[in-house]
Structures are given as structure tokens and as C-alpha cells.
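# Examination of the molecular architecture
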Amino acid sequence: MRKTTTEDAGTKGARKPFSKGAEAELFPDSWYGRKALLKVRKRKEYRHPVLDLNLRGRRARREAKVLRVARAAGVKCPELFFEDEKNFSLTIEFLNGNLLSRVGKISQEHAREAGAQLAKLHSAGIAHGDYSASNLLATPNGICVIDFGLAEFTSNVEELAGDVLLFEKSLQTQSLGNAGELVAEFRKAYSRNFPRSKEVFSRVRMIAARARYRPKA
Amino acid sequence: MRILAIESTAHTIGVSVVSSSARSAKAVSLRNTEVLSNERAKYPSTDRGYIPRQLADHHAKKYAGVLEAALRKSKTAPEELDCIAYTQGPGIGHCLRVGFVAANSLSKTLEVPLVPVNHAIAHVEVGNWACGTKDPLVIYVSGGNTQIAAKTEVREKRKYAVLGETLDIGIGNFLDVLGREFKCAPPDAVGLLEEAAKGGNLFDLPYTVKGVDLAFAGLLTAVTRAVGGKKTSRRDACFSSVQNAFAMLVEASERVLCHTRNGELLLVGGVAQSKTLQEMYSLMAREQGAKSFVVPAQYAGDQAGMIGITAVKQVLAGMEYGNYEPNQDLRIDAQEIPW
């Protein structure tokens, strides 16, 4: 049985976090000889303790379930090795690659694969909730989706459109003047693989128009 | 340089006189730039919210008195003024128009230039001036606005980019509606926050963070329904909705901070006065290794001092303007920041 707890994972001097995100810390780990990451959701001091416990528990359980379903549906994402329900931590497969937010220039191929993976995820009834370039990994095996911390089981067009919108926003900030082309490639691949794409795109327009003080399209 | 500034975005009409001896926009600081007077009149909150026409009438009626007080307290004769600044937007059209007409007539009579100022940028710049921050991640929280923004450079143009924001209503509007709903005193965000500070039991409510964006409408519906259906007490409802809304805001900001890695956090806008929110932000900043700053209370809500401070920077930067008309939908990212 594993003995790592949330506490000692966070304080053990030898174990430096591999990455420290807003929501969770990732520690290098191994699982029966395979390279793994231990994802620990830390207590947030700023949140009311009851709210904090509810959120961390809910999100860890949901993330574990989403990972299983997404893998089964053929989405390129890490395999879930172990779910520690007491400490809200997950042991997941380590994937080698570069974050799409760090590759410098996002290629058309990247944009296409991001569209295809998102379509698969949506077809499996999952909305990612934070589908930005920082949560996509360019690996030798293609684009992989990571960090399902905010993912939800839903086919609600609003949530699906949220994923599309967020990714397109991150293309805008990261592209070197060719955001338009990348968005077009992303959308083409998405619609080829997801029958409800038209409905999703029209909701994207609605959401953009709804935000405060947006320039009117 | 001495600037008279007029603010008339929503519930407040304000006039301020600001003087500065700064040599460049970048150098503007507490040491060389001073707010000599910062007078205002606020339309009182009612249990029915605000009606734009009535706000504008209020501003038109109060303007002369506020102007007179601002000149008197700063010991300024109109001839000493170098420019007239005013809020161009965003805001309520009726109200913006009053400030624009006032500023325009002063500028024509005194034969000094007119300086249009973006209200959202002014909230940020007054914070930078008062706190000495240089390049903070800005959390701008007021009635109509809830934005997480930072200075970015795109193709050699500096701007405040909105990195996260509310997808429906501003957090201040959310708190105002609940303050009215629960008949707090006063019936707005201030009353609600006071009630919530008394503590209570937390009950489960929707918590909507979408990546780096937020939404408050679902939370608003759920909490009013829960009270209507007697599922919770008014006190617990006030406490829980504030805890939920602020945690959402801090979490979204933390997510943005993890991308941008700014060393400073700056909380501005009317809602920045909440002690609860300030404490939550400083805890988050400490966790992420950033310094957290809060705009001083007298510069948090809407007032003309912030318009004056921003105008000083604009004048020193030699900014030019194509359009002076009020613009209700002006966004924080609509304008270049030369400094």
C-alpha cells in the first residue's frame, strides 16, 4: 500500500514539486517502475475550510473519473494509476513533452490536433473546463491533453463553447500574427470530429458578445 | 502642471484638482504628484437600484457645488489650470454625458486642452501611484467590472490585457443585488459585506470558475432561491455567498498569476475596500510568492482623483486623441499605455 500522505508529499525536503500550479502541486513519482506524477491538491488558506474541503474532494474524485472515461474514449491523456481518496491525490502517468504554451510558435498541425482531441473529449460527454495552451502537451505521440482539474461530465453547449473560446483566446495571445489561420485549422478539425460543432460555434459568438464592454461585433 | 478632473461614470459625480512636477509619465509618483482636492457627491442607494436618468439629474444638480469645493480646497483659481480631464467611459451613458458637457465647457471657456480618460485604466493607475507598484497583476473589482488584467506588449504596443473576467455580471453588482434582496443596511454591497462579516454557517452553493473566468448569475439565483425556500437563514446566506464569490475571484486570480508570474498583486475598485477580500488576497499572494497591494480606501471607489492622476500621465506621455465623445463600452484593453 502507498504511504504518501498529502502532508509529507508537501513537506518532504527531498521531494521538490515538479510543477506548482494554482490548484495543485505535481511531484515526481513512480508506479511499478513507470515514471509517474503525484498530483496533490493543497489546502488553500484563503478559502473557508468547509468550502475548501468540499472543492478539493469533489474535484479530485471528478478528475479521476474523467481521466478514466477520456482514456477509454481514445483521448490522448495520461493514464490514471492510483486514486488516494483520503488525501485528494492522484498518481498519474508521466508524459514527456513540451507545454504548448512554451513551444514558442504554435503550428497549424498543433492547432488541428488540439481541435481533434477536443472533439473526442466532447463526444465522450466531457468538457475540459480549462482548455488553454498551458494544458496541452506537445509529445512525440502528438498533442496530449492534461490537467482535468476543472473538467466536468456535461454535454451542455455552454460548457463546450467555453473550451473552444478559451483555446482560441490562448491562440490570440500566443500566435505571431497568424491567429486567424490557427483558429481556422482548429475549428476545421473540431467540426470534422464533432457533429454538434455548428451549435457550439454559434454559442461561442454569444458568449463573446455577452462579456462586459466587449466591442460589438 | 495643474489638472482639473471630472468623474461621472455611475452613482458618483466627482471633481478633483491634481498637481504634478513629474518630468515623465513613468516618473509619476507620490513624491512629485499630489491630489490637492477630491470632492464628490454620491447618489444614495435605494431598495430599487439606480435609474440612469435620475443619476444624471443628480449629477447635473450637484456638479456646481462639487466643482466649487474642489477649487476652494485646492486653493486653485481657474486660470491656473493647464488641462481639463474627464471620464470618457466605460459607464452609464446619461452620467458620462453630464461630465463630458461640464468638462468641454470648462475647456472651451478657459482655452485649455481636454483630456479624455478611460475609467478602468484610471482605477489601475491611481493604485500604481498610491502603492508604488510598477507592473502588477491587477484585480479590478467594482460594481460593473470584475477583471484580472496585466500590462502586456503586443507588437511593440503596451496595453492592459484582460486575462480573466466575469462572464456575466460584475461582482459589485452581484453584492448589490443581494444587499437589496436581503434588505441589508444600506441596501447594497456595503450592507451585505457588513452582514457577512458577522460570520455564519457555510452552506453549499454553486462555485463557478471557468479556467480564468468567473460567473456569478448561477450563484445569485441559487442563494436567493435557498432563502426564499427557507432552506437557510438570511445571515448564513449573506456569509456563504460572500465566501463563495470571493473564493472564486481569488482562485481565478491565482490561476492567472500562475501563468503571468507578476511579482506584485494590486487590488483596485470599490470592492477592494472589503477587509475579507483583502485578507484572502494577501494569503494567496504569500502562497504564490507575490507581494499584495490594496488601493487606499479614499481612492478605491469612483472619484475624480484617479482621473486626474491618469490624465497627468497621459499629458506627460504626449498622448493624442481622435475622439472625445463619451463611450459607454470603452474597455480597459481599448487603449495603448505609452508608459
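A short tour of the structure in this document, coming up. (Residues numbered from 1 in each chain as written. Chains lettered and ligands numbered in written order. Predicted model: local features only at pLDDT ≥ 70, side-chain atom pairs only at ≥ 80, totals over all residues. Heavy atoms only, no water.)

### What about the packing of helix H5 (residues 179-193) of chain A against helix H6 (residues 197-210) of chain A?
All names here are of chain A. Convention followed: Fitted lines through C-alpha atoms give the axes, limited to the stretch in contact for helices. The angle between two N-to-C directions lies from 0 to 180 degrees. For the purposes of this entry, the term helix denotes a DSSP run of H or I that reaches at least four residues, the term strand denotes a run of E that reaches at least two, and both are numbered from the N terminus. For classification purposes, an angle smaller than 35 degrees is called roughly parallel, one larger than 145 roughly antiparallel, one from 65 to 115 roughly perpendicular, and anything else oblique. The contact definition used throughout considers only heavy atoms, calling two residues in contact when any of these lie within 4.5 Å. Ten residues, namely Ala, Val, Leu, Ile, Met, Phe, Trp, Tyr, Cys and Pro, are considered nonpolar, four, namely Asp, Glu, Lys and Arg, are considered charged, and the remaining ones, Gly among them, are considered polar.
For the pair H5 and H6, interaxial distance at closest approach is 9 Å and the crossing angle is 140°. Relative to H6, the element H5 is oriented oblique. Of the residues in H6, those touching H5 at Arg187, Tyr190 and Ser191 are Ser197, Val200, Phe201 and Val204. Counted by class, the contact of H5 with H6 contains 4 nonpolar, 2 polar and 1 charged residues.

### Digging into the interface of chain B and chain A
Our working rule: Any Lys or Arg side-chain nitrogen located within 4 Å of an Asp or Glu carboxyl oxygen qualifies as a salt bridge.
Of the residues lining the interface, 36 residues belong to chain B; the matching set on chain A comes to 32 residues. There are 10 salt bridges connecting chain B and chain A. Those elements that provide at least two residues to the side of chain B that touches chain A are strand S9 (209-210), helix H7 (234-260) and helix H8 (275-288) of chain B. At 10 residues, the largest contribution of residues to the side of chain B that touches chain A is made by H7 of chain B. Its residues placed into classes, the side of chain B that touches chain A shows 13 nonpolar, 10 polar and 13 charged.

### Some remarks on unusual backbone geometry
For the bond running from Gly89 of chain B to Pro90 of chain B, omega is -5°, close enough to zero to count as cis. Take Pro90 of chain B: it is sitting in the loop between strand S4 (83-89) and helix H2 (93-110). A positive phi angle, near 45°, is found at Tyr32 of chain A, a position not held by glycine. Checked against the element boundaries, Tyr32 of chain A lands in the loop between strand S2 (24-31) and strand S3 (34-41). Unusually for a residue other than glycine, Glu111 of chain B sits at a positive phi of about 55°. If you trace the backbone, Glu111 of chain B turns up in the loop between H2 and strand S5 (114-118).

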